[in-house]
Amino acid sequence: MTNFDSTPVEKSERITRLVAHLFEKMPEIEAARAELITESYKNSEGLPETMRKALAFDHILENLPIIIRPEELIVGSTTIAPRGCQTYPEFSYDWLEAEFDTVEHRSADPFYISDETKKRLLAVNPYWKGKTTSELARSYMAPETLRAMEHNFFTPGNYYYNGVGHVNVHYDRVINEGLSGIIAQTAGALGRLCPGDPEYGTKRRFLEAVIISCNAVIKYARRYSELAKQEASKESNIGRKNELLRIAEVCSHVPEKPARNFWEACQAFWFVQQTMQIESSGHSISPGRFDQYMYPYYESDIRSGAMTREQAQELIDCVWVKLNDLNKCRDALSAEGFAGYSLFQNLIVGGQTSDGRDATNDLSFMCLDATKHVFLPQPSISIRVWNGSPQELLIRAAEVTRTGIGFPAYYNDEIIIPSMQNRGIPLEEARNYCIIGCVEPHVPGKEDGWHDAAFFNMVRPLEMVFSNGYDKGEEASIHTGDIEGFSSYEEFKAAYKKQMEYNIRLLVNADNSIDRAHMERSPLPFESALIDDCIERGMPLQSGGAHYNFTGPQGFGIANVADSLYTVKKLVFEEKRFTLSELKKAMEMNFGKGFDSITAQETAQQVAKAVAAAGEDVTPDLIEETIRTVLTMELPAEEKARYEEIWQLIDDLPKYGNDVDEVDTIAREAAHFYTQPLPAYKNPRGGIFQAGLYPVSANVPLGAQTGATPDGRLAHMPVADGVSPTNGKDLHGPTASCNSVAKLDHGDASNGTLFNMKMHPTAMSGERGLENFVSLVRGYFDQMGMHMQFNVVDKETLLDAQVHPEKYKGLVVRVAGYSALFTTLSKSLQDDIIRRTAQGQYR
Amino acid sequence: MTDYLDTRGRIFDIQRYSIHDGIGIRTIVFLKGCALRCRWCCNPESQSYEIETMTQNGRPKTCGQDVTVREVMETVKRDMPYYSRSDGGLTLSGGESLLQPEFATALLMAGKDLGVNTAMESMGFAEYSTIEKLLPYLDTYLMDIKHMDAAKHKQWCGKENTLMIENAMKIAKSGQTQLIIRVPVIPGFNDTESEIAAIARYTSSLPGVAQIHLLPYHNFGEGKYTGLGRPYPMGNASRPTDEKMQRLKAAAERGTGLYCQIGG
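Here is what the cut-offs are and how they apply
- Residues numbered from 1 in each chain as written.
- Chains lettered and ligands numbered in written order.
- Predicted model: local features only at pLDDT ≥ 70, side-chain atom pairs only at ≥ 80, totals over all residues.
- Helix = DSSP H or I, 4+ residues; strand = E, 2+ residues; numbered from the N terminus.
- Rg over C-alpha atoms; globule rule 2.2 N^0.38 Å.
- Buried ≥ 20, exposed ≤ 12 C-beta atoms within 10 Å, placed from the backbone.
- Contact = placed C-beta atoms within 7 Å.
- Nonpolar A, V, L, I, M, F, W, Y, C, P; charged D, E, K, R; others polar.
- Expected span 1.5 Å × (residues − 1).
- Pairing = 2+ DSSP bridges.
- Axes fitted to C-alpha atoms, helices over the stretch in contact; angles between N-to-C directions.
- Parallel < 35°, antiparallel > 145°, perpendicular 65-115°, else oblique.
- Left-handed = near helix turned anticlockwise from the far one by under 90°.
- Core = buried A, V, L, I, M, F, W, Y, C linked by C-beta atoms within 7 Å.
- Arc of directions from axis to C-beta.
- pLDDT = per-residue confidence, 0-100.
- Right-handed = clockwise from strand over helix to strand, strands pointing away.

Caption draft 1: Structural context of the overall build of chain B. Of the regular secondary structure elements, chain B holds nine helices and 11 strands. Taken against the 2.2 N^0.38 rule, which gives 18 Å for 264 residues, the C-alpha radius of gyration of chain B at 18 Å falls within 12% of a compact globule. Dimensions of chain B along its principal axes, counting C-alpha atoms only, are 50 × 45 × 35 Å. A total of 264 residues make up chain B; the buried ones form 48% of that total. Long-range contacts, defined as pairs at least 24 residues apart, comprise 73% of the intrachain contacts of chain B with a sequence gap of at least 6.

Below, the structure written as structure tokens:
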């Protein structure tokens, strides 16, 4: 039985023009928000933090310059320049000042910044010295945690320097009840407060802050209503005049009151989505199940004839354009880790209702079509797949995948729901899950998941086994014994496990320190207002007010660890082709394949340190000479030949990704070394840790900090992404690759796993190509794989785009949990994407 | 008496996620040894029954491996979830599978044991009595007819086509399998409308046969000839243009009532 109309609707001309306007110039940094929050904070010293945030939010929304872009139907822009960004000095600011002169020309995500903006920011930033969340977080960290971060075992950069974001809020409540409904609920909670409650004071001030924040958003909408009215009075084109008058009416009604129609529902949604990102710099604020909570308004307008399907599609497309109008400037290293100007606003269609029926409706199709129409990286559109998913919806999704945009990402209900139940979420709520950011399963409107809490490089602890805890001449981790003393694979593996456990503990320490800093310095009353049970508990989200609390840091590099462990097992201990010491030497010598500039720099630094320690002068000549020596170093022929032989022996071994049980079993175990220790740890919000296995795009920059590894990976090359096999090492086609990945315990990685696959366009051509593609996804999901995403583009196209970026401005590729414009990515990340094995290129 | 799962044969490759030969997602088992020596053959390592060494990416690769049906099925079974989602299954290719009839039959029986769809790409170069034995286990017979002219066939493929043409009719009449005729479109050999139309006319005379596939020539196999130390017989012949393929498709469909598909 189908109860949906899937007929596609044409894209309107307006959308083409809206998109063109958005991309007219390079994104720009603006100073207004930084000035306004500083002004407000200067005037609120001494008040509780919740109240200061609310007053600042109110002050910002009252004074932030506003604009209605040409032909917009859905309005609300955080910056005057399209795709611009504001800054958030309360979280951190010094990185931006340090990068003032480079941010415009850096390889990943450049932003224009005018001299005037620099001046304005320099005037307000100093106020925040010693007051930022990052400074407080740092002061809370253990010395060994700071050391581990210096040695690049993990980076918690995301929340260390920025707001947290990573939630899905009750858009449905704002649409259905209006912010006035939320205010009424809050007033009720205030009225019920008991003066004898030990937390009375903090609760009261928090609830008052919630009301101030909700009113701030209502007033902000009214400013747009006024602006639209003014513009209408000046507009000569009758059609546009009427649109502006309609906008004025819509913005005077929502988000204050319940939406009366689909247009108002879209606008109410948008004000929530936009202003939450003004309140804090957190990204991955995810719309979630848009096709579900918007449907009643769509359905009633279509039924009453108040709106055509064409009009509905145009409004949805307008929302999609707006999602690309938001932007965020990150520090240079993070920009590489999250490359592509992405805000990871994940929006998911399909799946099940909370009572277990198929949830597909007209909007599920129209959302997929909107992505085809707008063809931009936002929203990160996703689809839930379960055994009852209609084939028609999956075929439509496959059509979008075939365009090469890298969307949608496919998620498997059949494993995600039980994995959430395993973390204590009841079945009905688990069935209603949405995805946050890249791949993180989440209970809509009820959870503070702290997803994406850190990147943990699973390969670095392996290096520590070989070095017995030393890194660059320093003691960087625990001692697990000299490798010469290891007499079995089991001993080696046990040492790796110990190194993992130790560094995971430090990762927890880093995350909890940052968590605490956000709790104390950055409670967010507006965000809290829209997540259960913050109002009822009188507690901000950041203090643990959510119904469910988790911390989800992600590990990556499973393929490298699995293949490395297999090398040690097979070639060192079973076949005795070389010893661990010989392997260590071969890795240090980069398997005889020469040294790169990173190794040269690192060596020079160590030489300089040794010279300085001996009390001698470090001259620039000495540094230069060392670098030159390393770069031009020739090993003795015999030694070089032996290293190359070792590399060849390793390369000839079967690798993870080829459906070889012996290797895949090791991969499963390697993943467990990361996922299993985490849930034993608690966070300050009263929740537990849960592991994710995905890298965003950090596998490239963090790989550049990792030496050669026993799987034959050369020094500083990218580490394998997510749960995917190493690029170019899965040689038996997509089914073999999927089978290997499906052998991991995805259910234990309840913060999400990420499997990248690159398809060649020929593998998806024609109706049959789509059918087979869907069968591939279903077959992987039948084996309890969790997530899959695809790049459908041929290698030649990508190579050409590197040479002629001007010709490929609109080329969108799948990076990790999101898609991005290929030409905006750094060269090394572009190369990494090109190296991913293209499947199906047989004929 | 031996279990058919222990039947041994010689293969040179197993390719998973094949989506161009038969319906759904399939695994192709390539049997080694062929009776013909078609000039355009893209798998020259398939032709000789002998185990050979081919240079690939500068390193020697052994082509040919003796295996039991059981061993082959261990790989085939790994993709069961994908077969069941796509109605796919097992495809035999070659070489000419019929030159190892017991092995081919046993593989198809094992495929039926799994309950998956079975297909075979073959020219039908064997006595019909041999073919007859495997038909009960074969869902789709993808049969090559390369040319209707016996002399030209012999000149380009090394053997005349008489036996194969007769077998096509017998297979069609048996009604035991879905028969699909496939025509490699080879420049200078059969790439004219009249030659394709002749094959299509014969195809339409085969009872129950509704489909003909035109497979455009490609030179992806050229590197393998170099790797085997053999000259590439097709020189620098180029792939038929899309327009040409469309014309040939029209020629195949004209007046035959056949459904013609370009590519597998």
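Caption draft 2: Region of the structure containing the overall build of chain A. Across its full length, chain A holds 35 helices and 18 strands. A compact globule built from 843 residues should have a C-alpha radius of gyration of about 28 Å, and chain A, at 27 Å, falls within 12% of that. Its C-alpha atoms put chain A at 85 × 65 × 55 Å along the principal axes. Relative to its 843 residues, chain A shows a buried fraction of 57%. When contacts within chain A are restricted to residue pairs at least 6 apart in sequence, long-range pairs at least 24 apart make up 80% of them.

Caption draft 3: Summary view of the interface of chain A and chain B. Across the boundary between the two partners, chain A contributes 18 residues, which contact 12 residues of chain B. Contributions of two or more residues to the side of chain A that touches chain B are made by helix H32 (733-742) and helix H33 (766-782) of chain A. Looking at the side of chain A that touches chain B element by element, the count peaks at seven residues for H33(A). Of the residues contributing to the side of chain A that touches chain B, the split by class is four nonpolar, nine polar and five charged.

Caption draft 4: Main features of H33(A). Its 17 residues place the ends of H33(A) 24 Å apart at the C-alpha level, agreeing with the 24 Å of an ideal helix rising 1.5 Å per residue. A positive phi of about 70 degrees marks A:Met784, the residue just after H33(A).

Caption draft 5: Geometry of the sheet that holds strand S1 (residues 8-18) of chain B. All names here are of chain B. Sheet architecture is open: nine strands sit in the order S5-S1-S2-S6-S7-S8-S9-S10-S11, paired in mixed fashion. The outermost strands of the open sheet, each flanked by one partner alone, are strand S5 (65-68) and strand S11 (259-262). For this sheet, the mean inter-axis angle between neighbouring strands, taken without regard to orientation, is 30 degrees. When strand S9 (residues 178-185) meets strand S10 (residues 211-216), the two strands line up parallel, connected through five bridges. Paired with proline 184 across the bridge in S10 is leucine 215. Each of S1, strand S2 (26-31), strand S6 (89-93) and strand S7 (117-122) touches helix H3 (residues 101-114); the most contacted strand, S6, lies at about 170 degrees to it.

Caption draft 6: Up close: the packing of helix H22 (residues 489-521) of chain A against helix H25 (residues 558-574) of chain A. Residue and element names in this part refer to chain A. At a minimum axis separation of 10 Å, H22 and H25 run at an interaxial angle of 155 degrees. Taken together, the axes of H22 and H25 are roughly antiparallel relative to one another. Relative to H25, H22 is oriented so that their crossing is right-handed. Where H22 abuts H25, its residues Tyr489, Phe492 and Lys493 lie against Leu565, Val568, Lys569 and Phe573. The residue makeup of the contact of H22 with H25, split by class, is five nonpolar, no polar and two charged.

Caption draft 7: Broad picture of the nonpolar core. One finds A:Val217, A:Leu315, A:Val319, A:Cys367, A:Ile558, A:Ala562 and B:Leu107 to be the most contacted residues of the largest nonpolar core, which totals 304 residues. The element best represented in this core is helix H10 (residues 200-234) of chain A, accounting for 12 residues. Not counting residues up to four positions away in its chain, the partners in contact with A:Ile558 are A:Met458, A:Ala667, A:Ala670, A:Ala671, A:Leu693, A:Ala720 and A:Val723. The next biggest cluster of nonpolar side chains, apart from the first, holds six residues, and it includes A:Ile29, A:Cys85, A:Val103 and A:Ile113.

Caption draft 8: Inspection of the environment of A:Trp95 at higher detail. All names here are of chain A. Structurally, tryptophan 95 can be placed in helix H4 (residues 94-98). A sequence separation of 107 residues divides tryptophan 95 from threonine 202, and the C-alpha atoms of the two residues are 33 Å apart. Not counting residues up to four positions away in its chain, the partners in contact with tryptophan 95 are Tyr161 and Asp331.

Caption draft 9: Expanded view of helix H7 (residues 143-150) of chain A. Residues and elements named next belong to chain A. Among all positions in H7, only Thr145, Ala148 and Met149 are buried. Each buried residue of H7 sits inside an arc of 100 degrees when the element is viewed along its axis, so together they form one side. When the buried face of H7 is taken as reference, the exposed residues oriented beyond 90 degrees from it are Pro143 and Glu150. Check the buried side of H7 and you find it contacts strand S1 (154-155) and H22. Two residues or fewer past H7, asparagine 152 is found with a positive phi of approximately 65 degrees.

Caption draft 10: Structural view of the confidence of the model for chain B. With 100% of its residues at a pLDDT of 70 or more, chain B has an overall mean of 94. Confidence, read as mean pLDDT per element, is least for helix H8 (residues 222-227) of chain B in chain B (88) and greatest for S5(B) (98).

Caption draft 11: Structural view of the packing of helix H11 (residues 238-253) of chain A against helix H12 (residues 262-279) of chain A. Residue and element names in this part refer to chain A. With their axes 10 Å apart at the nearest point, H11 and H12 run at an angle of 65 degrees to one another. The interaxial crossing formed by H11 with H12 has right-handed handedness. Contacts from Val250, Cys251 and His253 in H11 reach Trp263, Glu264 and Gln267 in H12. Within the contact of H11 with H12, the residues separate by chemical class into three nonpolar, two polar and one charged.

Caption draft 12: Structural view of the pairing of S10(B). Residue and element names in this part refer to chain B. What joins S9 to S10 is helix H7 (residues 193-205), and the crossover it makes is right-handed. Bridge count for S10 against S11 is four bridges, and the pairing is parallel. Of the residues in S11, the one forming a bridge with isoleucine 212 is cysteine 260.

Caption draft 13: Inspection of the pairing of strand S15 (residues 787-792) of chain A at higher detail. Residue and element names in this part refer to chain A. A large share of S15 lies buried, amounting to six of its six residues. Side-chain alternation along S15 places His787, Gln789 and Asn791 on one buried face and Met788, Phe790 and Val792 on a second face that is also buried. Direction of pairing for strand S4 (residues 409-412) relative to S15: antiparallel, over a ladder of two bridges. The partner of tyrosine 411 across the bridge, within S15, is histidine 787. Bridge count for strand S14 (residues 756-759) against S15 is four bridges, and the pairing is parallel. Note on S15: the bridge partner recorded for methionine 759 is valine 792. The parallel pair S14 and S15 is bridged by H33, and the resulting crossover is right-handed.

Caption draft 14: Up close: unusual backbone geometry. Cis geometry is found at the peptide bond from A:Phe407 to A:Pro408, where omega equals -10 degrees. The residue A:Pro408 is located in the loop between helix H18 (391-402) and S4 in this model. A cis amide bond links B:Gly94 to the next residue, B:Gly95, at an omega of 5 degrees. Its identity is not glycine, yet A:Ser284 carries a phi of approximately 65 degrees, on the positive side. Relative to the helices and strands, A:Ser284 is located in the loop between H12 and helix H13 (290-293). A count of 29 C-beta atoms within 10 Å places A:Ser284 in the buried class. Its identity is not glycine, yet B:Asp87 carries a phi of approximately 60 degrees, on the positive side. Using a count of 16 C-beta atoms within 10 Å as the deciding quantity, one classes B:Asp87 as partly exposed.

Caption draft 15: Representation of the environment of A:Phe111 within the structure. Residues and elements named next belong to chain A. With respect to the helices and strands, phenylalanine 111 occurs in the loop between H4 and helix H5 (115-124). With 83 residues separating them in the primary sequence, phenylalanine 111 and glutamate 28 have C-alpha atoms 5.3 Å apart. Setting aside its immediate chain neighbours within four residues, phenylalanine 111 contacts Pro27, Glu28, Ile29, Cys85, Val103, Glu104 and Cys329.

Caption draft 16: Representation of the environment of A:Gly544 in the model. Residues and elements named next belong to chain A. Along the polypeptide, glycine 544 turns up in the loop between helix H24 (534-537) and strand S11 (548-556). Looking at glycine 544, the number of C-beta atoms within 10 Å reads 18, which means it is partly exposed. Glycine 544 sits 140 residues away from proline 684 along the chain, and the two C-alpha atoms are 7.7 Å apart.

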